[in-house]
Amino acid sequence: MTSIDDFSEIETDLANLARLSSSGANEDVRLLVAKLVRKYRTLRPALAEQLDSTLKASRTRSHGPAVLRRSMAVSDSSAMPMDADSRQSLIRVFDDLDGISEPLLPDALFAHVQSLIRERRERDRLAAHGIRPTRSAILVGPPGVGKTLSARWIANQLGKPLWVLDLTTVMSSLLGKTGSNLRAVFDHAKQNQAVLLLDEIDAIAKRRSDESDVGELKRLVTAILQEVDAWPDSGLLLAATNHPELIDPALWRRFDAVLTFETPQGNVLATAVRRFLGADIALFEKWVDLLASSVYGMSLSDVERSINALRRYTVLENASPAHAVIEMAIKGLPSLDKSSRQKLAIELARLEALSHNKIMELTGVSRDTIRKYAGPSPIKGRGIKKKD
Ligand SMILES: Nc1ncnc2c1ncn2[C@@H]1O[C@H](COP(=O)(O)OP(=O)(O)O)[C@@H](O)[C@H]1O
Ligand SMILES: [Mg+2]
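Calculation notes
- Position numbers for residues start from 1 in each chain and track the written sequence from start to end.
- Here every chain gets a letter starting at A, and every ligand a number starting at 1, in the order they are written.
- In keeping with the predicted nature of the model, local features appear solely for residues at pLDDT of at least 70, side-chain atom pairs appear and are counted solely at 80 or more, and the whole-chain, interface and lining totals rest on all residues.
- By convention in this description, side-chain values take in all heavy atoms of the structure and omit both hydrogens and water.
- Throughout, near means a residue has at least one heavy atom within 4 Å of the molecule or strand.
- Here a polar contact is taken to be a pair of N or O atoms separated by no more than 3.5 Å, where protein atoms must pair a possible hydrogen donor with a possible acceptor and residues adjacent in sequence count only if both atoms sit in side chains.
- The Shrake-Rupley method, run with a 1.4 Å probe, gives the accessible areas here. Residue values count only the displayed protein chains as cover.
- Think of it this way: any DSSP run of H or I at least four residues long counts as a helix, any run of E at least two long counts as a strand, and we number them from the N terminus.
- Residue exposure (1.4 Å probe, protein chains only): buried if accessible area is under 20% of the type maximum, exposed if over 50%, otherwise partly exposed.
- DSSP-based pairing: two strands are paired if at least 2 bridges between them are found.
- Convention adopted: a line fitted to C-alpha atoms gives each axis, helices being fitted over their contacting stretch, and angles between N-to-C directions are expressed from 0 to 180 degrees.
- The scheme is simple: roughly parallel for angles under 35 degrees, roughly antiparallel for over 145, roughly perpendicular for 65 to 115, oblique for anything else.
- Helix crossings fall into two classes, left-handed where the near helix is turned counterclockwise from the far one by less than a right angle and right-handed where it is turned clockwise.
- Residue contacts follow a heavy-atom distance rule, with two residues in contact if any of their heavy atoms lie within 4.5 Å.
- Residues are grouped as follows: Ala, Val, Leu, Ile, Met, Phe, Trp, Tyr, Cys and Pro are nonpolar; Asp, Glu, Lys and Arg are charged; every other residue, Gly included, is polar.
- Just to be clear on terms, a salt bridge is a Lys or Arg side-chain nitrogen sitting within 4 Å of an Asp or Glu carboxyl oxygen.
- Working definition of a nonpolar core: buried Ala, Val, Leu, Ile, Met, Phe, Trp, Tyr and Cys residues. They are joined through side-chain atoms within 4.5 Å.
- Aromatic rings from Phe, Tyr and Trp, with only the six-membered ring used for Trp, were paired whenever their centres fell within 6.5 Å, and each pair was classed as stacked if the ring planes differed by under 30 degrees, edge-to-face if by over 60, and tilted otherwise.

> Can you tell me about the site of ligand 1, naming the residues and giving the values?
The full set close to ligand 1 counts 16 residues, and Leu104, Gly144, Lys147, Thr148 and Glu304 are the nearest of them. Here a nitrogen atom of ligand 1 sits 2.8 Å away from a polar atom, N or O, in the main chain of Leu104. Contact between ligand 1 and Gly144: an oxygen atom at 2.7 Å from a main-chain N or O atom of the residue. The protein chains hide 81% of the 550 Å² of surface that ligand 1 would expose on its own. At the level of elements, helix H7 (147-157), helix H13 (266-277) and helix H16 (300-316) are the ones that each hand at least two residues to the shell around ligand 1.

This is how it looks when you write it as structure tokens:
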């Protein structure tokens, strides 16, 4: 190694180390350091020795000698795969080590998610009967309903980080590399028995319109098909899409399970409103049903955004909770269907802060209907009752 090469090598190693440690993948960091110790032992003995003592110190604090044994066996799997040209990491890591709250899902879907976890945990028991666990699943549903969140939760329950290959952001790194980047990702995931999520997998199909890519796209799809087929029982392969209709049927067939996510309804919505209100739940307790009716039809990601906006508004404008809730309900009105509007109108009337006239004007629901369900109007006139 000449000194220039030497420097650029060290630069690359340093950059890798920084990226790994910022992703929080501690074991990967140790593996990389162990590799660097061997690499620099003859060329840079002082550096190697320093790295080695750091490594030993961290080892006694954590995992014991297993790390060393693994680091000897594994050759190049210490660093996360990256695109050789752009030096961009191909994988995004979600390491929810501090825990993560469980996704709010309808009972049947949540049970399905839990069965995936259980099969992994009891893989040995299944294997004793010659039964394989579900190796792969595709999560389908509109944006913002908890597909990525559920994948993170599954990984967390299995004590693993979630590795995400986001197809919308890495397409250009995958194309033009004759599948080598894709293989690097899968090989790395397999070696580490990872939970790997192929997010927004429909991105492949969307590229089809671009003529120049056709050959490369075909190769990429073929490479993915092969990788899904060859995926081992030891890891869990997940994919997510908002556009199931765009997925190549040959790819679709290869997934062991399909989990369908839907826009939340009923008690899931009210539970979500409560959760997103956080510490402010005491303040808004009696308006939870009203809030749930005013966000009907929204994804949970939008519900979360609206509730956060509500909480900010209440503090910054020094608004009474009732006033803030009404403001939010009025803003949400245009996107509600007729029966949700009626429900909202009745909830609004029960607040006894607006006249029935005003509620009719806002929601288009007749005063008779409002009176029928919420009793007579407490207020004459049209305005919002002033805070006292
Ligand atoms: N089912 C859910 N339970 C709890 N929070 C949710 C749920 N769905 C969405 N959210 C909130 O919205 C955010 C974005 O959801 P995400 O899982 O990325 O949606 P998707 O992958 O389906 O587009 C989550 O991080 C979470 O804060
Ligand atoms: Mg997502």
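Text resumes after the structure shown.
> Can you lay out the pairing of strand E5 (residues 236-241) for me, pointing to particular residues and giving the numbers?
Burial analysis of E5 places 6 of its 6 residues in the buried class, which makes it a mostly covered element. Residue alternation in E5 divides its side chains into two sets, Leu236, Leu238 and Ala240 and Leu237, Ala239 and Thr241, and both sets are buried. Pairing analysis gives 4 bridges linking strand E4 (residues 195-199) to E5, with the strands arranged parallel. Across the sheet, Leu196 pairs through a bridge with Leu237, a residue of E5.

> Give me the packing of helix H9 (residues 180-191) against helix H11 (residues 214-229): which residues, what numbers.
At a minimum axis separation of 10 Å, H9 and H11 run at an interaxial angle of 15°. By the angle between their directions, the pair H9 and H11 is classed as roughly parallel. In this structure, the crossing between H9 and H11 has a hand that is right-handed. Across the interface between the two elements, Leu182, Arg183, Phe186 and Lys190 from H9 touch Leu220, Ala223, Ile224, Gln226 and Glu227 from H11. Its residues placed into classes, the contact of H9 with H11 shows 5 nonpolar, 1 polar and 3 charged.

> Break down the side chain of Asn181 for me, with residues and values.
If you trace the backbone, Asn181 turns up in helix H9. Residue Asn181 is classed as buried on the basis of its relative accessible area of 7%. If sequence neighbours within four positions are ignored, Asn181 has contacts with Met82, Asp83, Leu90, Ser173 and Leu174.

> Outline the pattern of salt bridges, listing residues and values.
All told, the structure shown has 15 salt bridges when counted by the stated rule. A salt bridge links Arg254 to Asp229; the shortest N-O distance between them is 3.0 Å. With a gap of 25 residues between them, Arg254 in helix H12 (residues 249-254) and Asp229 in helix H11 connect regions that are remote in the sequence. For Arg254, a relative accessible area of 26% gives the class partly exposed. Within the structure, one salt-bridge network assembled from shared partners comprises Arg183, Asp187, Lys190 and Glu227.

> I'd like to hear about the side chain of Asp202, residue by residue, with values.
Mapped onto the elements, Asp202 comes out in the loop between E4 and helix H10 (203-206). Among the polar contacts made by the side chain of Asp202, one reaches the side chain of Thr241 at a distance of 2.5 Å. Polar contacts involving the side chain of Asp202 include one to the main-chain amide nitrogen of Asn242, which spans 3.5 Å. With near-sequence residues (within four places) excluded, Asp202 lies in contact with Ala240, Thr241, Asn242, His243, Leu246 and Ile247.

> Give me the lowdown on the nonpolar core, citing residues and values where you can.
Counting residues in each nonpolar core, the largest one holds 38 residues, and the members touching the most others are Val273, Leu277, Leu291, Val303, Ile307 and Leu310. Looking at this core, the elements that each hand over two or more residues are H13, helix H15 (288-294), H16, helix H17 (321-332) and helix H18 (338-351). Looking at which element gives the most residues to this core, the answer is H13, with 7 residues. Among all residues touching Val273, those that are not within four sequence positions of it are Val288, Leu291, Ala292, Val295, Val303 and Ile307.

> Describe in detail the environment of Leu32, supporting the description with residues and values.
As for its placement among the helices and strands, Leu32 is situated in helix H2 (residues 26-40). As a C-alpha pair, Leu32 and Ala79 span 47 residues in sequence and 6.5 Å in three-dimensional space.

> Lay out the packing of aromatic side chains in plain terms, naming residues and giving numbers.
Tallying each qualifying case throughout the model produces 2 aromatic pairs. Centre to centre, the rings of Phe110 and Trp153 are 5.5 Å apart; their planes meet at 40°, and the pair counts as tilted. Of this pair, Phe110 sits in helix H5 (residues 107-121) while Trp153 sits in helix H7, and the two are 43 residues apart along the sequence. Between the aromatic rings of Phe186 and Trp231, the centroid separation amounts to 5.9 Å while the plane-to-plane angle is 85°, which identifies the pairing as edge-to-face. Here Trp231 lies in the loop between H11 and E5 and Phe186 lies in helix H9, a separation of 45 residues in the sequence. Relative accessible area serves as the criterion here: at 2%, Trp231 is assigned to the buried category.

Function cannot be inferred from these measures alone, as they are strictly geometric.
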